[in-house]
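# Remarks on the overall topology
If you want the building blocks of each chain, they are given just below.
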2 protein chains.
Amino acid sequence: MSVKNTIVVIDDEAQIRKVLSITLEASDYKVVEADCAKDGILQAATAHPQLVILDIGLPDRDGFSVIKELRTWTSIPIIILSVRNSEEDIVKALDLGADDYLTKPFNSSELLARIRASIRRTQQPSEENVISTGDLKIDYSSRVVTKNKKEIKLTNTEYLLLALLFKNMGKVLTHGFILREIWGPSSTENSQYLRVFIGQIRKKIEDDHADPKYITTESGVGYRMRFVK
Amino acid sequence: MSVKNTIVVIDDEAQIRKVLSITLEASDYKVVEADCAKDGILQAATAHPQLVILDIGLPDRDGFSVIKELRTWTSIPIIILSVRNSEEDIVKALDLGADDYLTKPFNSSELLARIRASIRRTQQPSEENVISTGDLKIDYSSRVVTKNKKEIKLTNTEYLLLALLFKNMGKVLTHGFILREIWGPSSTENSQYLRVFIGQIRKKIEDDHADPKYITTESGVGYRMRFVK
DNA sequence: CGATTCCATAAAGATTTCATAAAGACGAAA
DNA sequence: TTTCGTCTTTATGAAATCTTTATGGAATCG
């Protein structure tokens, strides 16, 4: 279940705010309304919105100055609404940092599509993919393993093997399974070089590799990665 | 001295292409023209543009399918031009991944402002336009790389490659990923010329290129840009 | 307990991958 | 067209990695 995206609507006409709210809420956005520039900026700062819809014609302040002020501290997308379809206004708004410009009366499905496009752009990948045990940590997105925050240099095969063990933390992985996963289905059942690699990895990650605490041997079966507090 | 931003214009009407070229070149963009979808995609993959302008009505293929195909491998901004001001088309284009939609006849200063807005956004995601590591610094807004405040002369491809590494500082980038990002989806899996370029860049940025501290090799995997204090 | 199988490690050989130079191809600009 | 800068390809030796072999120690089982 995803959390709803919040949109701040800054417009002095109650009618327009109402139409926008209904439209946006029907598309599963959370809407925060503001009827003047001052309140709009406050809401933008406190409601943590994913987008701002701003009417350029406000009673208390020039809408362009609102764009300017917002851009001093945030880069969330701003879509401008205006009754004026003047080239000059469009250029000014966009160059001040607005992301899009629509003229009233606007088409609601076009507005929604432009909102989706703007939000899509800001939601670029930033997901971290990290698993840790003891003082060991693996980061799949950057493909780096650290021990005590210090990076450990691993060859490609060593990394693949360690990543496989991490992903199956606590489970016993049989020799056959590991060999098939890393060396492909046509790999021989010879687990000799698996031992060589486990040995290499242990040298690099275990404090005492005569008594390994991370990768334990399950004699006759395979290996297991242990979760260490 | 900053390198010009490149824009690929895909339109079958020579007249429109000419007008666009003149307009864009007057604003200091480098323009690459294509008169059909096939050539357009090729140019988008090889010319390393910062933006694509796409006419939705092309002779050889549906423009929507071009958006779709481009979006399988690149996230550079796409601005759609169309004679049809239909809500349906706008929504479809934006949801397929286009960044903006303008109807012909378009206003050239509005188009330029929308281009600036789109390019600005792509050069922003790292929050700052400048990233540095050690005595190296990259400025995305001016496309300039400096070492000890001294500018380093880079070819376009070298810049793109270095910028990609900077943007993913600390992450291991696989050969395949780098090749797709820089040379497009049709690039071969041959990483030989990637090595050549890495070699060139190292000559320019590393103090001792027998022992590189900025760009390290992850044998069998790819390369990584390191953060140096 | 033996005997047997399984495991850990070192080290040598085989293979893959990498760095670099240099030559050819290509395209943009004069 | 020619020139120049850049990109692509090819070739070569070096480096890193993987695989195999050998040896002795540990675990397992009758």
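Residues numbered from 1 in each chain as written. Chains lettered and ligands numbered in written order. Predicted model: local features only at pLDDT ≥ 70, side-chain atom pairs only at ≥ 80, totals over all residues. Heavy atoms only, no water.

### Some thoughts on the protein's contact with DNA strand D
Using the following cut-off: We define proximity as follows: a residue is near a molecule or strand when any one of its heavy atoms falls within 4 Å of that partner. Throughout this description, a polar contact denotes any pair of N or O atoms lying within 3.5 Å of each other; where both atoms belong to protein, one of them has to be capable of donating a hydrogen while the other can accept it, and for residues adjacent in sequence the pair is counted only when both atoms sit in side chains. Residues were grouped as follows: Ala, Val, Leu, Ile, Met, Phe, Trp, Tyr, Cys and Pro as nonpolar; Asp, Glu, Lys and Arg as charged; and all remaining residues, including Gly, as polar.
Taken together, the neighbourhood of DNA strand D is formed by 18 residues, with A:T155, A:T157, A:W183, B:T155 and B:T157 sitting nearest. Considering DNA strand D, the proportion of its atoms within 4 Å of the protein that are sugar or phosphate atoms stands at 75%. Here B:T155 contributes a side-chain N or O atom positioned 2.7 Å from a phosphate oxygen of DNA strand D. The separation between a phosphate oxygen of DNA strand D and a polar side-chain atom of B:T157 is 2.4 Å. By residue class, the composition of the surface near DNA strand D is 8 nonpolar, 9 polar and 1 charged.

### What to know about the packing of aromatic side chains
Filter applied, for reference: Two rings belonging to Phe, Tyr or Trp (six-membered ring only in the last case) form a pair when the distance between their centres is within 6.5 Å. Interplanar angles under 30 degrees mark stacking, angles over 60 mark edge-to-face geometry, and anything in between is tilted. Put simply, DSSP marks the helices as runs of H or I at least four residues long and the strands as runs of E at least two long, and each gets a number from the N terminus on. By the criterion adopted, a ring carries a charge over it if an Arg CZ or a Lys NZ lies within 6 Å of its centre and within 35 degrees of its normal.
The tally for this structure, following the rule as stated, stands at 4 aromatic pairs over all chains. A ring pair is formed by A:W183 and A:F197, whose centres lie 5.7 Å apart and whose planes are at 50°; its orientation type is tilted. Of this pair, A:W183 sits in helix α7 (residues 175-183) while A:F197 sits in helix α8 (residues 192-205), and the two are 14 residues apart along the sequence. When the ring centre of B:F64 is taken as origin, the NZ or CZ atom of B:K92, which lies over that ring, is 4.2 Å away. Sitting above the plane of the B:Y140 ring, B:K167 keeps its charged end 4.8 Å from the centroid.

### Looking at the side chain of B:H175
Where we set the bar: Contacts are assigned to residue pairs that have any heavy atoms within 4.5 Å of one another.
Turning to its location among the elements, B:H175 is positioned in helix α7 (residues 175-183). Not counting the four nearest positions on each side in its chain, B:H175 is found in contact with B:S191, B:L194, B:G220, B:V221, B:G222 and B:Y223.

### Re the protein's contact with DNA strand C
As a structural note, the neighbourhood of DNA strand C is formed by 24 residues, with A:R195, A:T217, B:R195, B:T217 and B:Y223 the closest of them. The sugar and phosphate moieties of DNA strand C supply 69% of its atoms located within 4 Å of the protein. Taking B:Q192, its side chain carries an N or O atom lying 2.6 Å from a base oxygen of DNA strand C. Contact between DNA strand C and B:Y223: a phosphate oxygen at 2.6 Å from a side-chain N or O atom of the residue. The set of elements that each furnish at least two residues to the surface near DNA strand C consists of α8 of chain A together with α8 (192-205) and β11 (215-218) of chain B. Of the residues that constitute the surface near DNA strand C, the class distribution is 4 nonpolar, 13 polar and 7 charged.

### Some details on the environment of B:R121
All names here are of chain B. Mapping R121 onto the fold places it in helix α5 (residues 108-122). A sequence separation of 44 residues divides R121 from P77, and the C-alpha atoms of the two residues are 9.0 Å apart. There is a polar contact of 3.3 Å between the side chain of R121 and the side chain of S118.

### Quick look at the pairing of strand β6 (residues 130-133) of chain A
All names here are of chain A. This is how the line gets drawn: For two strands to count as paired, DSSP must find a minimum of two bridges between them.
Pairing analysis gives 4 bridges linking β6 to strand β7 (residues 136-139), with the strands arranged antiparallel. Bridge pairing in β7 links S132 to K137. Between the end of β6 and the start of β7, which pair antiparallel, lie 2 residues, with G134 showing a positive phi angle near 60°.

### Details of the sheet that holds strand β11 (residues 215-218) of chain A
The strands making up a sheet are joined through hydrogen bonds of the backbone, oriented either antiparallel or parallel. Residues and elements named next belong to chain A. Selection criterion: Angles here are taken between N-to-C directions and fall from 0 to 180 degrees, while the axes themselves are lines fitted to C-alpha atoms, restricted in helices to the stretch in contact.
Spatial ordering of the open sheet is given by β10-β12-β11, a layout of 3 strands whose pairing is antiparallel. Looking at the sheet topology across the chains shown, the edges are occupied by β10 (172-174) and β11. Within this sheet the neighbouring strands show an average axis-to-axis angle of 30°, counted without direction. With 3 bridges joining them, β10 and strand β12 (residues 222-225) adopt antiparallel strand pairing. Residue pairing in the sheet places V172 in a bridge with R224 of β12. Contacts between α7 and the sheet are confined to β10 and β12, with β10 contributing the most and set at about 70° to the helix. Those strands touched by α8 are β11 and β12, and its axis lies near 150° from that of β11.

### Section: the sheet that holds strand β7 (residues 136-139) of chain B
Residues and elements named next belong to chain B. Read across the open sheet, the 4 strands follow the order β6-β7-β8-β9; overall the sheet is antiparallel. Of all strands in the sheet, those bounded by a partner on one side alone are β6 (130-133) and β9 (150-152). Going from strand to strand, the sheet's axes swing by 25° on average, the running direction of each strand aside. Of the strand pairs in this sheet, strand β8 (residues 144-147) and β9 are connected by 3 bridges, and their pairing is antiparallel.

### A few points about α7(A)
Residues and elements named next belong to chain A. For clarity, the threshold we go by: Relative accessibility under 20% of the residue-type maximum defines a buried residue, over 50% an exposed one, and the middle range a partly exposed one, all with a 1.4 Å probe and only protein chains included. Along the arc lie the directions from the helix axis toward the C-beta atoms.
For α7, the set of buried residues is H175, G176, I178, L179 and I182. Projected onto a plane normal to the axis of α7, the buried residues spread over an arc of 165° and lie on a single side. Turning to α7, the residues buried within the fold contact α6 (156-167), β10, α8 and β12. Phi turns positive one or two residues past the end of α7, at G184, with a value near 85°.

### Concerning the pattern of salt bridges
Cut-off, in case you're wondering: Any Lys or Arg side-chain nitrogen located within 4 Å of an Asp or Glu carboxyl oxygen qualifies as a salt bridge.
Scanning all chains against the criterion turns up 37 salt bridges over all chains. Ionic pairing is found between A:E151 and B:R226, a salt bridge with its closest N-O pair at 3.1 Å. Taken as a pair, A:E151 in strand β9 (residues 150-152) and B:R226 in the segment after β12 (222-225) lie in two separate chains rather than in one. When its relative accessible area of 35% is taken as the criterion, A:E151 is described as partly exposed. You can call B:R226 partly exposed: its relative accessible area is 26%. Across the pair A:E158 and A:K204 runs a salt bridge whose closest N-O atoms are separated by 2.7 Å. Highlighted residues: A:E158 in helix α6 and A:K204 in helix α8, separated in sequence by 46 residues. When its relative accessible area of 4% is taken as the criterion, A:E158 is described as buried. Using a relative accessible area of 31% as the deciding quantity, one classes A:K204 as partly exposed.

Bear in mind that shape data such as this cannot, by itself, settle questions of function.
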